Number of protein chains: 2
Amino acid sequence: MKPATPKGTRDFGPQEVFKRNYIFSVIKKVFEKYAFLPLETPAMELLSTLSGKYGDEGDQLLFKILKNGDFLEKADAFDNYKKMAFQICEKGLRYDLTIPFARYVAMNRHALTFPFKRYQIQTVWRGDKPQKGRYQEFYQCDVDVVGSNAMLQEAELVCIYDEVFANLHLPVQIRLNNRKILAGIAEVANISDKFMAMTIALDKLDKVGVEGVKKELLGRDIPEAATEFIFKIIQTSSMEQIKKLLQSSPLALEGIAEYEEIMAFLATMPLKNEVVFDISLARGLNYYTGTIFEVLTPAVQIGSLGGGGRYADLTGLFGLPDMSGVGVSFGAERIYDVLEELQLFPETAFSQVEVIFISFDAATLRMAFAYAQQLRAAGICTDIYPDPETKLKKQMKFANDKNAKYVLIIGEEELKNNTISVKNMRDGVQEVMSFTEFYNTLTQS
Amino acid sequence: MKPATPKGTRDFGPQEVFKRNYIFSVIKKVFEKYAFLPLETPAMELLSTLSGKYGDEGDQLLFKILKNGDFLEKADAFDNYKKMAFQICEKGLRYDLTIPFARYVAMNRHALTFPFKRYQIQTVWRGDKPQKGRYQEFYQCDVDVVGSNAMLQEAELVCIYDEVFANLHLPVQIRLNNRKILAGIAEVANISDKFMAMTIALDKLDKVGVEGVKKELLGRDIPEAATEFIFKIIQTSSMEQIKKLLQSSPLALEGIAEYEEIMAFLATMPLKNEVVFDISLARGLNYYTGTIFEVLTPAVQIGSLGGGGRYADLTGLFGLPDMSGVGVSFGAERIYDVLEELQLFPETAFSQVEVIFISFDAATLRMAFAYAQQLRAAGICTDIYPDPETKLKKQMKFANDKNAKYVLIIGEEELKNNTISVKNMRDGVQEVMSFTEFYNTLTQS
């Protein structure tokens with residue numbers, strides 16, 4: 001049998017785990033300073049929790065888990081696999097972190113203190129067709145607050161984005177919009193029934209420019225007059241101008257006021273990245289009802305590194321209505337790729353073998369072990385080649401492959417004289433000294 | 001719809017995540033000093049990787065994942081659910097960390113440097129009947145080395161157990177045995193065909209004592225003479241005596257020599273916990289072939305906190321024969337319960353809100369945010385009650401529920417005078433001072 005992982009899944013070897021944990025530790029440290037608390041939910045959720053939450057396509061992409069035991073006992077839909085699936089499965093794998101969070105908040109409403117700020121970094125599973133850069137199992141990294149309508153929350157999330165990417169040494173642009181402004185534009189242009197078509201066209205502004213959007217709008221059956229109106233709005237960079245154009249829509253003005261309140265919080269902050277208003281931003285429109293966030297980097301040609309927004313009713317689906325939530329997520333996979341491409345992973349992200357011992361028989365191996373334990377007690381990452389009968393060349397190759405800083409050789413001579421031979425693998429210099437001398441140099445540096 | 005998690009699964013709230021991460025961070029730190037490297041494998045493995053590896057019972061307990069799309073297309077075993085399962089599923093959830101590790105090593109044999117030392121801390125899933133303390137989704141924490149027959153590895157694993165539990169401030173006893181010794185006893189007693197029965201009886205030594213084991217042996221159709229022989233062995237605490245009794249079995253003597261080699265490595269080590277030979281230890285016998293480990297604590301009435309052993313052929317199942325592996329695991333769930341019961345979780349294991357701001361209108365809230373950002377920039381965990389119109393009493397309750405150390409109140413008066421009111425929540429004392437004064441006290445302490 002040729003061993004393999006399922007399509008769309010990956011093993012993460014040591015280097016990848018270290019690098020990913022570096023990203024997560026930078027992110028977590030910022031989250032925790034802002035008083036967000038960690039939550040972990042089960043990989044398996046009830047299908048009743050998951051299904052119907054991600055649209056028809058999402059329902060198809062959910063990984064469903066077969067009931068244990070005789071799952072056929074109560075099944076009869078042998079000619080309808082969609083129906084059959086729900087007869088023979090009652091659990092599915094987590095598809096995102098938002099629905100489990102909402103489920104958790106609703107379940108624990110009486111025990112939690114609101115506003116409740118939580119972060120969650122866990123894998124999710126989706127049965128998408130595997131392709132380059134798209135996996136069936138991947139990490140999500142979400143930070144949300146539920147139970148507060150205050151724009152302070154949005155301001156904090158902008159600061160979190162700013163600080164995380166600054167700490168990762170990755171310059172970004174943080175873009176904001178508000179679903180209410182978009183709805184207001186459609187309202188004033190009298191095309192509320194074509195809202196989705198309008199946002200899909202607007203979403204292409206980055207790619208096709210203002211003239212391109214105009215063509216898109218017309219191509220999507222949006223009347224000439226409405227198209228001209230939208231064209232005027234996306235051409236202006238003045239918020240005052242936009243306000244004037246949308247003054248007949250209380251909803252749009254509310255969205256603009258929210259945006260301005262966020263910016264008032266940020267006005268005096270020493271942000272390290274640019275925060276901009278982007279009227280074309282429309283992600284995740286199906287459930288966002290207020291602010292919309294997106295993060296892009298000018299450093300690399302890649303999609304967004306994160307995004308999020310506010311939803312007026314996060315937990316209503318689970319019987320807890322009128323709880324407004326706002327949150328953003330970090331696209332861990334893409335951030336990983338960008339840091340890799342720009343070589344921004346610091347050397348300290350890796351646990352590295354500092355010392356490897358080489359010995360030649362049972363007695364020198366025991367000596368090596370005794371010394372190694374002293375180094376380990378001092379917190380130094382140390383390894384021992386375990387088979388002393390192995391040829392020196394092969395033992396040295398092992399030390400080389402492991403990228404050790406020092407190789408400590410204990411032979412018969414060294415054992416007799418109570419010394420060790422220290423080879424510095426960076427400069428190749430080899431010296432004989434006492435173990436204490438080596439220990440002191442290493443632990444005092 | 002009443003929200004719920006599937007039976008046998010749990011949400012981990014903030015306190016639980018912090019506590020569990022404390023355990024894992026203590027463990028990881030030790031693993032990494034011993035040059036073990038982290039590995040993460042996918043939650044989903046091919047059923048061809050998983051099935052047949054855990055016995056018939058294990059196959060039934062595997063969670064199988066329904067194929068995406070029309071899974072019924074190629075299915076016809078509508079009257080045989082066991083057969084049907086393999087027609088409609090091709091993936092299953094990870095059942096342990098050993099098989100995925102073996103699969104990974106076999107897949108990456110040409111890229112890895114041997115001996116390869118890896119640790120892995122991930123969840124596994126088993127369809128056991130849920131009951132108190134037994135879950136369908138739980139963490140495992142394994143450390144293994146593959147590609148070395150040296151007893152040095154066993155000695156290192158004993159030291160790792162010793163150091164981890166010392167660092168957790170939990171006294172333990174580390175028990176060792178060797179499968180070869182057990183096989184040798186059966187051989188000399190001429191009951192090799194009753195090997196399993198013998199080990200099951202021996203395994204009860206702790207519970208029923210030597211006389212009890214004698215009864216067990218006789219009850220399991222082990223002849224009187226063999227029973228007397230085994231009785232003699234378990235009554236002696238002298239390894240020399242045991243050697244004499246088993247001298248006709250080269251296999252037993254090999255096992256004893258291995259044990260003695262481990263103890264020779266440990267002889268000069270300043271271990272903090274007791275290491276004992278336990279001839280009744282027989283865990284996981286189906287695949288262990290050499291040393292067997294178990295860790296128990298005298299502090300609490302609970303099962304073993306960890307165990308493991310050596311297996312002569314770890315990766316043979318995946319086409320890479322003759323690779324000996326040895327490893328141990330930490331029972332994270334039980335360790336958690338024991339630390340909880342003995343109140344051994346340190347206060348530093350939790351991220352705690354140090355400062356919470358309270359304000360009364362838009363202007364004081366903006367001031368609070370500006371101050372909060374300065375504290376956060378200094379690494380201090382800070383929160384802000386986001387709705388300034390809320391009554392003081394309710395805001396104070398929030399700060400209380402969050403267990404904040406300081407509450408910083410900014411009212412109209414404070415804003416005008418450029419001061420803050422600081423309430424120390426530990427002693428209840430409230431003082432008025434400048435923010436700089438407070439900042440300096442906090443950051444310089």
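Residues numbered from 1 in each chain as written. Chains lettered and ligands numbered in written order. Predicted model: local features only at pLDDT ≥ 70, side-chain atom pairs only at ≥ 80, totals over all residues. Heavy atoms only, no water.

Colleague: Quick question: what am I supposed to make of the overall build of chain A here?
Modeller: The secondary structure content of chain A amounts to 17 helices and 16 strands. Projecting the C-alpha coordinates of chain A onto the three principal axes gives extents of approximately 95 × 65 × 45 Å. Looking at the 445 residues of chain A, the share that counts as buried comes to 59%. Nonlocal contacts in chain A, meaning residues at least 24 apart in sequence, comprise 66% of its contacts between residues at least 6 apart. As displayed, chain A has an accessible area near 19,100 Å², and 48% of this comes from carbon and sulfur atoms. In chain A, 51 positive and 58 negative side-chain charges are present, and the distance between their average locations comes to 3 Å. (Helix = DSSP H or I, 4+ residues; strand = E, 2+ residues; numbered from the N terminus. Buried < 20%, exposed > 50% of the residue type's maximum accessible area, 1.4 Å probe, protein only. Contact = heavy atoms within 4.5 Å. Areas by Shrake-Rupley, 256 points an atom, 1.4 Å probe, with all protein chains shown as cover. Lys, Arg positive; Asp, Glu negative; His and termini not counted. Charge placed at Lys NZ, Arg CZ, Asp CG, Glu CD.)

Colleague: Is there a simple way to think about the pattern of salt bridges in this case?
Modeller: Opposite charge on two side chains allows them to pair when their charged atoms are near. In the structure shown here, the tally under the stated rule is 46 salt bridges over all chains. Across the salt bridge formed by Lys-243 of chain A and Glu-260 of chain A, the nearest N and O atoms sit 3.2 Å from each other. You can see Lys-243 of chain A sitting in helix α11 (residues 239-245) and its partner Glu-260 of chain A sitting in helix α12 (residues 250-266), a full 17 residues away along the chain. For Arg-175 of chain B, the salt bridge is made with Asp-206 of chain B, and the minimal N-O distance between the two is 2.9 Å. Taken together, the residues span a long stretch of sequence, with Arg-175 of chain B in strand β7 (residues 173-178) and Asp-206 of chain B in helix α9 (residues 205-219) at a distance of 31 residues. On the basis of relative accessibility, which here comes to 12%, the residue Arg-175 of chain B falls in the buried class. Among the residues examined, Asp-206 of chain B registers a relative accessible area of 55% and is labelled exposed. Through salt bridges that share partners, Lys-117 and Glu-156 of chain A together with Arg-376 and Asp-383 of chain B make up one connected network. (Salt bridge = Lys/Arg side-chain N within 4 Å of Asp/Glu carboxyl O.)

Colleague: Mind showing me how you'd approach the side chain of Gln-140 of chain B here?
Modeller: All names here are of chain B. Along the chain, Gln-140 turns up in strand β6 (residues 137-146). A polar side-chain atom of Gln-140 sits 3.4 Å from the main-chain amide nitrogen of Leu-97. In contact with Gln-140, other than residues within four places in its own chain, are Asp-96, Leu-97, Gln-120, Ile-121, Gln-122, Val-124 and Arg-126. (Polar contact = N/O pair within 3.5 Å; in protein donor to acceptor, adjacent residues only side chain to side chain.)

Colleague: When you look at the interface of chain B and chain A in this model, what are you seeing that I'm missing?
Modeller: How big an interface is tends to be stated in terms of the accessible area lost upon association of its parts. Taken together, the 98 residues of chain B in the interface contact 99 residues of chain A. Contact with chain A buries area across many residues of chain B, yet Lys-33, Glu-40 and Phe-369 of chain B alone supply 8% of it, more than any other trio. Where chain B meets chain A, there are 8 salt bridges. Linking Arg-20 of chain B and Glu-40 of chain A is a salt bridge whose minimum nitrogen-to-oxygen distance equals 2.6 Å. Applying the counting rule to chain B against chain A returns 26 residue pairs in polar contact (both at pLDDT 80 or more). Classifying every residue of the side of chain B that touches chain A gives 58 nonpolar, 20 polar and 20 charged. (Buried area = accessible area lost by both parts, 1.4 Å probe. Nonpolar A, V, L, I, M, F, W, Y, C, P; charged D, E, K, R; others polar.)

Colleague: Help me understand the relation of the copies chain B and chain A, please; the structure alone is not making it clear to me.
Modeller: Least-squares fitting of chain B to chain A yields an RMSD of 0.0 Å, with the transformation described by 0.0 Å of translation along the axis and a rotation of 180°. This pairing of chains is accounted for by a two-fold axis. Considering only C-alpha atoms, the residue of chain B closest to the rotation axis is Ile-65 of chain B, which sits at 2.3 Å. When the interface residues of chain B are mapped onto chain A, 100% of them again lie at the interface, so the same face is used by both copies. (Least-squares fit on C-alpha atoms with pLDDT ≥ 70 in both.)

Colleague: I tried to follow helix α5 (residues 98-107) of chain A on my own but got confused; where do I start?
Modeller: Residues three or four positions apart in an α-helix share a direction because the helix packs 3.6 residues into each turn. Counted residue by residue, α5 of chain A has 9 buried out of 10 residues, so it is predominantly covered. Those residues of α5 of chain A that are buried lie in contact with β2 (44-46), α2 (47-50), β5 (116-125), β6 (137-146) and β10 (306-311) of chain A together with α1 (14-33) of chain B.

Colleague: What is the right way to look at the domain arrangement of chain A in this model?
Modeller: Split by domain assignment, chain A resolves into domain 1 (181-269) and domain 2 (352-444). For domain 1 of chain A versus domain 2 of chain A, the separation of C-alpha centres amounts to 68 Å. (Domains from an automatic or database assignment.)

Colleague: Is there a simple way to think about the sheet that holds strand β13 (residues 382-384) of chain B in this case?
Modeller: Sheet strands pair via backbone hydrogen bonds, and the direction of the pair is either parallel or antiparallel. Residues and elements named next belong to chain B. Ordered in space as β13-β12-β14-β15-β16, the 5 strands form an open sheet in which the pairing is mixed. Both edges of this open sheet fall to β13 and β16 (430-433), since each of them pairs with a single strand only. Strand after strand, the sheet turns through a mean of 25° between neighbouring axes, direction not considered. Most of the contacts of helix α15 (residues 392-401) go to strand β12 (residues 355-359), to which it runs at about 170°, and overall it touches β12, β13, β14 (406-410) and β15 (420-424). (Pairing = 2+ DSSP bridges. Axes fitted to C-alpha atoms, helices over the stretch in contact; angles between N-to-C directions.)

Colleague: I keep staring at the sheet that holds strand β10 (residues 306-311) of chain B and nothing clicks. Help me out?
Modeller: Residue and element names in this part refer to chain B. One open sheet holds the 8 strands; their spatial order is β1-β5-β6-β11-β10-β9-β7-β8, and the pairing between them is mixed. Since the sheet does not close on itself, it has two edges, and those belong to β1 (37-38) and β8 (274-277), each with one partner. Looking at chain direction, β7 and strand β9 (residues 291-296) are connected through 6 bridges and run antiparallel. Counted as the bridge partner of Leu-176 is Phe-293 from β9.

Colleague: What am I meant to see in the pairing of strand β4 (residues 89-93) of chain B here?
Modeller: Residues in a regular strand point their side chains to alternate faces of the sheet. Residues and elements named next belong to chain B. Most of β4 is tucked away: 4 of the 5 residues are buried. Here strand β2 (residues 44-46) pairs with β4 via 3 bridges, running antiparallel. The residue of β4 that forms the bridge with Met-44 is Leu-93. Bridge count for strand β3 (residues 64-66) against β4 is 3 bridges, and the pairing is antiparallel.

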